[in-house]
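Examining the three-dimensional arrangement
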Amino acid sequence: MTSEIDNAVGVDVGGTFTDFLFLINGKYSVRKIPTTTDDPSIGILQGLRELQTDLSRVAHGSTIATNALLEKAGARTALVVTEGFKDILEIGRQARGNIYELEPAPPNLLVPSELIIQFPGKLTTDGEVKSYVKEELYKTIIHNTIENKIDALAICLLFSHKNTFFEAKFREVYEEIKKELTTITLPYLSISSEVSPEYREVERASTTVLNAYVGPIMSTYLSKLEKSLEQLQSSTSPPTLHIIQSDGGAATRSQIEKLPISTLLSGPAAGVNGAFSIAKAVDEEQIITLDIGGTSTDIALCNKELPYRTNLVIEGIHARTPVVDIHTVGAGGGSIAYIDTGGALRVGPRSTGSFPGPACYGNSRDLSSPAFSVTDAHALLGRLSQDHFLADSLKIDISESERAADPFLSVFNDRFEVAQAVIDVTNANIERAVRVVSVQKGFNPNEFTLVPFGGAGPLHACDVAESLNIDKILIPPSPGVLSALGALQSGQTLTIGQSILRAMDEKNIHSILSDLQQTVEIIRDRLRSKETRYRAVLDLRFTGQSHEIGVTINNADRTSIEMLLVAKEEFVERHGDLYGHSGYDVEIANIRVTGFFETEFTSPKSIFSDRRADQTTPIISEYCNAIFHGKSERVPIYQRTALNPQDQIAGPAIITQLDTTTLITPDWMGRVDIQGNLNLLKKGR
């Protein structure tokens, strides 16, 4: 819904910090506090308590579903499958992630064998009912889950994407029992025809189970958070709570409670959304986003539009849900360095987290051997201001970083060499990750602008850009809270997909158009707004292929036969570009339509300094000694708020602000644009 945002806050919960971007009475402010890992809502409420104004909206990038999966802390889940398909998740696709692994680890199963229930009702491949069952069986299955204290129940029956007869009956009986047993909490119910109504049984079952596995935890969290937000308000009207989905759009609490799986990449997707909007405002539409937080680095390539995909694999578990196409590696400011059994230096994926955090934060003084992190390496090399780190909100203790580095002196000559090696390994890990989304997909990184953000992104930007031959870097005004900005500006989205599986020829083209239009009408009926816009993705392939390429149609509510034929030709051309051959009969596998609202949003501008007209150069706050290429140099430190448009800063230089620290290495030059972005260019180019 097109609406103006005010008196709102964007919140991004990271592994180390929780970031806030406030928009109060048309003015922006930012805040960072340590993440309360056990219950992120505690940190969120802590960050909101100091506000003197009631909020109209809270947009929240959530990690609840992701953490539940990674930590194996989800609900006790049962699964109902078609008789004879009990081992569907264990057998899977029989694909081996590592073909040289002689004894591959068993698949990561969220449902134990004893909690998989076989259902005798069957459909034919065309969706016709082959074997009926008595209604009593549905009731028995649901009552048994209640008696056995099952937290969540997943239903995935063969060919239910063709006919929802059996699965719809499960929903009907479940709702009847729910009305009868008002004093008993029924298991969370996840049904494949509601969660992922597309063909490919393995992925549909995996997605449905994962949705059930995280459903109860997400529902409990949202209920608690919403009640807490109500208590914070002095007015009678509580703020609207929106959770960011993996496609970068926002959703209501009721949407997320039905599809919690849609939040698996919530925070990272919001970051890409924010970065792309900042870049578009200055006509930079070909960007590579570099989001380096405390525990990981998230990378996306935007070639004039946000990149999307429909399949996600986390911990070996398939989730079929729309996501921004992001590649993640375990490299962040809190990533821990260690020497492996072969004597090589490794960095990550283990992280120090929000507590104790890097050794230089001073929370590891009681430990005999604190972990040495990437942030500690930067501190030892003089790249973090001891007096102005995070705008004076946190004092760093270099002596603790030195103590953490000491165990590495048996391998390295001195602490500075340790620190530089840790930075080099981290940058190499990030460089490889950037190549995955660029070079491996046929893109030249040199043709893109690097947009670093997150707490550590601007510290690594110059080194990463140089290794990839990228000439330009764009650092937003508030890079450390850009994911919170992306959350705040996200409009509501709703995606519905269906499998249609037919040749995309003259005989079927009208029925394909009819299916697409019906999907649009379903979304129109649910969102009930004249201002909803629509985007469709057609999964196309050549006859005989088993994998598709998605082709986007904008303004999908006005799709015509001609537009479908253009999409078909675009697929043929893209297939030729990607694989070097094309020209066969085309068929369509799935249609996926997204309805979305847009918000009237003005990105936050830098608060420029009020220095006198005769002061034409930025004021240097102080100097420090920093090490580059093994040599110590005297480096000026600037405050980001002291910079004005057209200011130029020659590297080496350090720029500090509340949410991050920016490092300009010796070979780079920085210039501030009218939007407050800091543009970095290689010297001599």
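Cut-off values and rules
Residues numbered from 1 in each chain as written. Predicted model: local features only at pLDDT ≥ 70, side-chain atom pairs only at ≥ 80, totals over all residues. Heavy atoms only, no water. Core = buried A, V, L, I, M, F, W, Y, C linked by side-chain atoms within 4.5 Å. Buried < 20%, exposed > 50% of the residue type's maximum accessible area, 1.4 Å probe, protein only. Domains from an automatic or database assignment. Contact = heavy atoms within 4.5 Å. Buried area = accessible area lost by both parts, 1.4 Å probe. Salt bridge = Lys/Arg side-chain N within 4 Å of Asp/Glu carboxyl O. Polar contact = N/O pair within 3.5 Å; in protein donor to acceptor, adjacent residues only side chain to side chain. Nonpolar A, V, L, I, M, F, W, Y, C, P; charged D, E, K, R; others polar. Phe/Tyr/Trp six-rings, centres within 6.5 Å; stacked < 30°, edge-to-face > 60°. Helix = DSSP H or I, 4+ residues; strand = E, 2+ residues; numbered from the N terminus. Lys NZ or Arg CZ within 6 Å of the ring centre and 35° of its normal. Pairing = 2+ DSSP bridges. Axes fitted to C-alpha atoms, helices over the stretch in contact; angles between N-to-C directions.

This part is about the nonpolar core. With 73 residues, the main nonpolar core has L79 and L210 as its most contacted residues. Of the domains in this structure, domain 1 (8-69 + 219-266) and domain 2 (75-209) are the two that each give at least three residues to this core. Dropping the residues within four chain positions of it, L210 is found in contact with L69, L110, I261, L264, I317 and A319. Of all hydrophobic cores here, the second largest spans 34 residues; its members include L345, I396, I627 and I654.

When the domains of the protein chain are assigned, the result is domain 1 (8-69 + 219-266), domain 2 (75-209), domain 3 (493-596) and domain 4 (604-682). One C-alpha centre belongs to domain 2, the other to domain 3; they are set 28 Å apart. Listed by partner, the interface residues are five residues for domain 2 and eleven residues for domain 3. For domain 2, the biggest contributors to the area lost against domain 3 are E198, Y199 and R200; these three give 74% of the whole. Applying the counting criterion to the domain 2 and domain 3 interface returns two salt bridges. Notably, a salt bridge pairs E548 with R200, separated by 3.1 Å at the nearest N-O pair. Here domain 2 is connected to domain 3 by six residue pairs in polar contact (both at pLDDT 80 or more). Split by residue class, the side of domain 2 that touches domain 3 holds two nonpolar, one polar and two charged.

One pass over the full model with this rule turns up twelve aromatic pairs. Seen from their ring centres, F119 and F170 are 5.3 Å apart, and the 55 degrees between their planes marks the pair as tilted. Separated by 51 residues along the polypeptide, F119 in strand β6 (residues 116-119) and F170 in helix α5 (residues 165-180) bring together distant segments of the chain. You can call F119 buried: its relative accessible area is 0%. For F170, a relative accessible area of 1% puts it in the buried group. When the centroid spacing of 5.1 Å and the interplanar angle of 75 degrees are considered together, the rings of F165 and F166 count as edge-to-face. Members of the aromatic cluster, connected to one another through ring pairs, are F119, Y132, Y138, F165, F166 and F170. The side chain of R634 reaches across the aromatic face of Y623, ending 3.7 Å from its centre.

This brings us to the sheet that holds strand β24 (residues 549-554). One open sheet holds the four strands; their spatial order is β22-β25-β23-β24, and the pairing between them is antiparallel. Both edges of this open sheet fall to β22 (493-503) and β24, since each of them pairs with a single strand only. Neighbour-to-neighbour, the strand axes of the sheet open up by a mean angle of 20 degrees, direction not taken into account. Where strand β23 (residues 533-542) lies against β24, six bridges are found, and the strand directions are antiparallel. When the sheet's bridge partners are listed, A536 is paired in β24 with I553. Contacts from helix α15 (residues 509-527) reach β22, β23 and β25 (586-596), with the element oriented near 160 degrees to β22.

Spatially, six strands are ordered β3-β2-β1-β4-β11-β12 in an open sheet, and the strand pairing comes out mixed. A single partner strand is all that each edge strand has here, and the edge strands are β3 (27-34) and β12 (250-251). The sheet contact formed by strand β1 (residues 8-13) and strand β4 (residues 57-61) spans five bridges and is parallel. Bridge pairing in β4 links V9 to V58. With respect to the sheet, helix α1 (residues 40-48) is in contact with β1, β2 (17-24), β3 and β4, its orientation differing from that of β2 by roughly 40 degrees. The sheet contacts of helix α14 (residues 482-489) involve β1, β2, β3, β4 and β11 (240-244), and relative to β1 the element is tilted by about 130 degrees.

Going through the model one piece at a time under the given rule, you end up with 31 salt bridges. Of the charged contacts in the structure, one is a salt bridge between E135 and K139, with a shortest N-O distance of 3.9 Å. Taken together, the positions of E135 and K139, both in helix α4 (residues 135-147) and four residues apart, correspond to about one turn of that helix. Accessibility expressed as a relative area gives 32% for E135, which makes it partly exposed. Residue classification places K139 among the partly exposed positions, given a relative accessible area of 28%. Among the salt bridges present, the one from R309 reaches D325, with a minimum N-O distance of 2.7 Å. Taken together, the residues R309 in strand β15 (residues 308-314) and D325 in the loop between β16 (317-324) and β17 (327-329) connect sequence positions 16 residues apart. Residue R309 is classed as partly exposed on the basis of its relative accessible area of 25%. One network of salt bridges, with partners in common, ties together E135, K139, K169 and E172.

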